[in-house]
Amino acid sequence: MQKIQNSGPADLAAIFFDTVAQHILAQHQNEIPDLRHAVVLLPNYHVAQPLSQSLARLAGLPALLLPHMVTLNDWVLSILLGHSVIPDACRATALYQALRTRHWFPDTDLWGVTYELLALLDELTQHHVTLPQNEEDFITQLEQAYQARRGTAMQFEARVVHELWYAMQGLDSTRAYQQRLAQLAQQANAPLYVLLTSDLSVAEARFVEAYRQRAPVMIFDVREMAQQQAQCAMLHVLSTHGLSSLRDQAAHLQQHFPQATLARRLRFFAAHGLEQEACAAELQVRRWLLAGKKNIAIVAQDRLVARRVRALLERAQILVCDETGWTFSTLSVSTVLMRWLDALQSDFYYQDLLDLLKSPFIFADQPPQQRKQALYQLEQLLRKQGVASHLNAYLDMAQDDADVQVALVRLRQAAEVLRKKSDTLSGWLHNLYDSLNILGIVPGLMTDDAGKQLLLALQTWQQELQNDTTRFSLPEWRHWLAQQLDTHTFRDTTISSPVLLTHLAATRWRSFDAVLLLGCDASHLPGTKNNGLWFNDAVRTALGLSTGAAYSAQQRDDLLALLAMNSTVLATWQASKNGEENLLSPYLEILRALHELAYGDNLAEQELAGLLPYAQLRGTLFPLPDVASMPAPAVPTSLLPQRISASGYNSLVACPYQFYARHILRLNELDEVREEVEKRDYGEWVHHILHRFHQQFKILAQHSYAVLEEALLHISNEAFSAALQRDFLARAWLLRWQQAIPAYLDAQLKNEAEGWCYQNGEVPFELPLTADLLLHGRIDRVDGNTAEHAVRVLDYKMTEASRLRLKLKEAGEDVQLACYAHVYEADAAAYISIEKNKVIAVKPPQDVPQLAQANIDRLLIVFAQMRDDTALPAHGVEEACQYCEMRGLCRKSEWRGV
């Protein structure tokens, strides 16, 4: 016996529940307080509480034995069948095998076709459609429905559906449901009360009629009950057809229902874009919470907007209880699984590998710090050495790092478990679980609610398919797995919140303190039902299947019930998308137009629109303010760098904000793993070649030209050999360098004739400029002139001489040579331009010692200014911004006037 607190009716929803309760109590007045003999068929279990409260209050008793309240889906499970039901996973594999052996759909997504056909066959069963025994008769039936002569396409469609319909005749879940309904109707011995908002399905309607033959049945339909309420007079327009009588209906409302206005029940907010709609929705939810509302429903028609609203609410520390859930394919627990298979199929391509290792679920049996350190070390090695794939190559690369070796060995062990040409789906799932165990992913998933449900789903599918002997290749199995993850849903039941995210069909017979109808444009309400590639609406009507019109009518009826049972509703939509008009749902547009004609109010939500620009969350405005001017941050003393390189100084000169982002915030982009030879690689190889060459031949004039050329060619071939093995295009770069070798030798011999001889190369340096600033770097080459007691610094550039001259034209614009000259107190400096068959020394036009000192003086002044909080503005010229990786950070393109 359940004790229920009495409560009085407060709105239309309470009136509807009281109506149901009064009928039940009247029919069972001799049985009160024991109502257990009656059965109430609920659309969902949320309806049980308000109905129970109405029964208890109207009965006037302190306690009441309630009727049996149940949903039809749960009620039929009480019926036991004499035969086992074929799981949907087994039916899908059987249908896939049938399609594969018949070769009807070559070069097609066969799993996609399988699930489309499976849905069609289930729909035929649900609507009790029986196809003709003869295929020829079925083609004739399709001819009449299509109103067209038979052709190859029609005959093929008929053959596929007819043949597979008779091939898939086992006891599936749909047939089992129908058999249970039939047996349940035969056992009818109690009065049945059915709560509806829209039409029953064919099978359910047949069940009700069969039940009615043996026991009383009373149906409570919100659509009919609303017609008895003056407050719902406006909503009748939803169940009428055509717009020709809209003005007549408005006149009728003015005359007979002057108080039926929806002004206090329903409002509309027209947003301009997704972000404004989401911000408006988030703001309205917060307003309702502040007003004391404890049961708020967000009924999402547009899931994309719903995602954004949920993110905004969670940022405001408002959790959302999600009834709709998310498909497993969208969750991180499935991402780690699919990334593992990506890595396996791509032979551990480095991007797939890094994506996998960055998951928090892998190697969960190791200390987090050890796992993160191994990942960091591996990523640095990959980017430094340019290894792009192959586990063995990674193992060779990481021989000196024990933690990385352990991770790679575990990956290799797990990969061995899945290295098969084919297996059954159950076998693949078993091996997948073993590989996840080896990788420590299973313990990681067990710490997550979604992960637990995913592991349970994998085990369930494996058990269901254990007797299936059909073999599948790895790609076929993986595609099947992706389909499974995309069709199964995770619902987080651990969140308790006054804010609920749900869908329209789940609101049947439910009332809330407030309802937010989200994404109510014409493309989402009514939504469209995907019937796949099989049969248009005319054929579906001829066969007795549901059509798009029936699906739209169901949504219309659910909307009517929602509006009837709830007294505070805000409907939002994007009135414009990408600069184009976006229409409101036709159902709501009719209501809005009728209300404006009848009562002079178009129900627009003006207050929310006025508050939106001023809404605040932790000091952040919605929408975010425009960037009105260039950023110019000052550097905190604690972050001021104490080391600077010539390239860093160049960045400071080119754009102070770039220097701030790169060298103070240290937001430099990571080096990419270079899969193809780039010009940067070419430059590095040439630097290496020339360093080896000059270490071996410090004075070229002491050797014959032939010996020098042969040696330089030999060193070059060795330097390029590794690249040539993995990338054929490296040969083009080698030929380009070989073309420049004669010119380089000629230029160097000319230098020696002028008294300049090679002294050293690849020279590292660290030069203290002040007590707290050190200049560091590496000089490509240092030459000496004994006769003149002079030193010259050189830097190799694989760039045209004209571009280098332009860089050096203005004193101080390029500081690299000036810094090197200061370090060595050099008398001269030059870039060595090596481009095709030309080798040219490009010198600064200024006096080098003076230029060097002036650049160092400027550097010291700038650092002193930074210590005094001088700002670092983003005032780089376009040439500096063109390839700057910090452009998205400074948002130069968004400044006003730019």
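Residues numbered from 1 in each chain as written. Predicted model: local features only at pLDDT ≥ 70, side-chain atom pairs only at ≥ 80, totals over all residues. Heavy atoms only, no water.

Confidence in the prediction of the protein chain, expressed as mean pLDDT, is 89, and 95% of residues score 70 or more. A low-confidence stretch, residues 1-10 stays under pLDDT 50, and its non-local contacts, those more than four residues away or across chains, total 23 contacts. Throughout residues 616-628 the model reports pLDDT below 50, and contacts reaching past four residues in sequence, or to other chains, amount to 24 contacts. (pLDDT = per-residue confidence, 0-100. Contact = heavy atoms within 4.5 Å.)

Before going further, it helps to spend a moment on the nonpolar core. Core analysis: the biggest nonpolar cluster contains 97 residues, and Trp340, Phe348, Tyr394, Leu411, Trp477, Trp480 and Leu481 have the highest contact counts within it. Ranked by residue count, the leading element in this core is helix 5 (residues 110-126), at nine residues. Residues within four places of Phe348 in sequence aside, it is in contact with Trp340, Ala343, Leu353, Ala388, Ser389, His390, Leu391, Tyr394, Leu411, Ala415 and Arg419. (Core = buried A, V, L, I, M, F, W, Y, C linked by side-chain atoms within 4.5 Å. Buried < 20%, exposed > 50% of the residue type's maximum accessible area, 1.4 Å probe, protein only. Helix = DSSP H or I, 4+ residues; strand = E, 2+ residues; numbered from the N terminus.)

To continue, consider the packing of helix 1 (residues 12-27) against helix 2 (residues 48-59). Where helix 1 meets helix 2, the axes come as close as 8 Å, and the angle between the chain directions of the two elements is 60°. Comparing their axes, helix 2 and helix 1 come out oblique. When the axes of helix 1 and helix 2 are compared, the crossing they make is right-handed. Contacts between helix 1 and helix 2 involve Ala14, Phe17, Asp18, Val20, Ala21, Gln22, Ile24 and Leu25 from the former and Pro50, Leu51, Ser54, Leu55, Arg57, Leu58 and Ala59 from the latter. (Axes fitted to C-alpha atoms, helices over the stretch in contact; angles between N-to-C directions. Parallel < 35°, antiparallel > 145°, perpendicular 65-115°, else oblique. Left-handed = near helix turned anticlockwise from the far one by under 90°.)

A separate point is the sheet that holds strand 6 (residues 217-221). Sheets are built from strands paired through backbone hydrogen bonds, the pairs being either parallel or antiparallel. Taken together, the four strands give an open sheet; going across it, the order is 4-2-5-6, and neighbouring strands pair in parallel fashion. Edge positions in the sheet fall to strand 4 (68-71) and strand 6, since each has one partner strand and no second. Looking at each pair of strands side by side, their axes are set apart by 20° on average, direction ignored. Pairing of strand 2 (residues 39-42) with strand 5 (residues 192-196) involves three bridges; the strand directions are parallel. The partner of Val40 across the bridge, within strand 5, is Tyr193. Set on the sheet, helix 2 makes contact with strand 2 and strand 4; between it and strand 4 the angle comes to about 160°. Lying on the sheet, helix 9 (residues 202-212) is in contact with strand 5 and strand 6; it crosses strand 6 at an angle near 140°. (Pairing = 2+ DSSP bridges.)

Attention now moves to helix 25 (residues 586-599). Over its 14 residues, helix 25 extends 19 Å from the first C-alpha to the last, a length consistent with the 20 Å expected when each residue adds 1.5 Å. What helix 25 keeps buried is the set Tyr587, Leu588, Ile590, Leu591, Leu594, His595 and Ala598. The arc that holds every buried residue of helix 25, seen down its axis, measures 155°, which confines them to one face. In the segment just after helix 25, Gly600 is the residue with positive phi, at about 70°. (Expected span 1.5 Å × (residues − 1). Arc of directions from axis to C-beta.)

On inspection of all chains with the given rule, the structure shows zero disulfides. Cys520 supplies the cysteine sulfur nearest to Cys279, a cysteine that is in no disulfide, at a spacing of 18 Å. On the basis of relative accessible area, Cys279 is assigned to the buried category, the value being 5%. (Disulfide = S-S within 2.5 Å.)

What follows is about helix 30 (residues 705-726). The terminal C-alpha atoms of helix 30, which comprises 22 residues, lie 32 Å apart, in line with the 32 Å expected from a rise of 1.5 Å per residue. Along helix 30, the sharpest change in direction is near 45° and occurs at Phe720. Restricting attention to buried positions, one finds in helix 30 the residues Leu708, Ala711, Leu712, Ile715, Ser716, Ala719, Phe720 and Ala723. Buried-residue contacts for helix 30 involve helix 29 (679-696) and helix 31 (730-753). (Bend = angle between axes of the 7 residues up to and from the residue.)

The next subject is the side chain of Ser389. In this fold, Ser389 is placed in the loop between helix 16 (368-385) and helix 17 (391-397). Classification of Ser389 by relative accessible area gives buried; the value is 19%. Of the polar contacts made by the side chain of Ser389, one reaches the side chain of His390; its length is 3.4 Å. With sequence-adjacent residues up to four places away left out, Ser389 is seen in contact with Asp347, Phe348, Tyr349 and Tyr394. (Polar contact = N/O pair within 3.5 Å; in protein donor to acceptor, adjacent residues only side chain to side chain.)

Quick look at a nonpolar patch on the surface now. Together, Leu639, Leu665, Leu667 and Leu889 make up an exposed nonpolar region whose accessible area comes to about 310 Å². Within the secondary structure, Leu667 sits in the loop between helix 28 (656-664) and helix 29. (Patch = residues over 30% accessible without salt bridge, like charges linked within 9 Å, V, L, I, M, F, W, Y side chains within 5 Å. Areas by Shrake-Rupley, 256 points an atom, 1.4 Å probe, with all protein chains shown as cover. Salt bridge = Lys/Arg side-chain N within 4 Å of Asp/Glu carboxyl O.)

Tracing the sequence through the fold places Thr197 in the loop between strand 5 and helix 9. On the accessibility criterion, Thr197 (2% relative accessible area) is buried. In contact with Thr197, other than residues within four places in its own chain, are Asp221, Val222, Arg223, Arg508, Trp509, Asp557, Asp558 and Ala561.

Attention shifts here to the packing of aromatic side chains. Aromatic ring pairs are reported here in terms of the distance separating the ring centres and the angle at which the planes meet. Within the structure shown, the criterion is met by 23 aromatic pairs. Ring geometry for Trp461 against Trp480: centres 5.9 Å apart, planes inclined by 75°, an arrangement best described as edge-to-face. Here Trp461, found in helix 21 (residues 449-464), pairs with Trp480, found in helix 22 (residues 474-487); they are 19 residues apart in sequence, far enough to count as distant. Across the pair, exposure class does not vary: Trp461 and Trp480 are buried alike. Pairing Tyr682 with Trp733 gives two aromatic rings, centres 5.1 Å apart and planes at 35°, and the pair type is tilted. Of this pair, Tyr682 sits in helix 29 while Trp733 sits in helix 31, and the two are 51 residues apart along the sequence. There is no split in this pair, since Tyr682 and Trp733 are both buried. One aromatic cluster is present, formed by Tyr96, Trp111, Tyr115 and Phe472 through successive ring pairs. (Phe/Tyr/Trp six-rings, centres within 6.5 Å; stacked < 30°, edge-to-face > 60°.)

A few words now on the environment of Phe138. Following the sequence through the fold, Phe138 ends up in helix 6 (residues 135-146). In the structure, Phe138 is positioned 20 residues away from Ala158 in sequence and 6.7 Å away in space, judged by C-alpha atoms. Aside from chain neighbours lying at most four places away, what touches Phe138 is Leu131, Pro132, Ala158, Val161, His162, Phe535 and Leu543.

Of the pairings in the sheet, the one linking strand 5 to strand 6 comprises five bridges and is parallel in character. Residue Tyr193 lies in a different strand from strand 6, and its bridge partner there is Met218. Assessed by its sense of winding, the connection that carries the chain from strand 5 through helix 9 to strand 6 is right-handed. (Right-handed = clockwise from strand over helix to strand, strands pointing away.)

Here we take up the packing of helix 29 against helix 31. Their axes nearest at 12 Å, the elements helix 29 and helix 31 cross at an angle of 40°. When the axis of helix 29 is compared with that of helix 31, the two are oblique. Crossing geometry of helix 29 relative to helix 31 is assigned as right-handed. Here Lys679, Tyr682, Val686, Ile689, Leu690, Phe693 and His694 of helix 29 lie close against helix 31, whose contacting residues are Trp733, Arg736, Trp737, Tyr744, Leu745 and Gln748.

This part is about the pattern of salt bridges. By the definition in use, this model includes 43 salt bridges. One salt bridge in this structure joins Asp221 and Arg223, with 2.7 Å as the shortest N-O distance. Between Arg510 and Glu323 there is a salt bridge, with the nearest N and O atoms lying 3.0 Å from each other. With Arg510 in the loop between strand 14 (499-502) and strand 15 (514-518) and Glu323 in the loop between strand 9 (321-322) and strand 10 (326-327), this residue pair connects regions lying 187 residues apart in the sequence. Comparing Arg510 with Glu323, the two get one shared label, buried.

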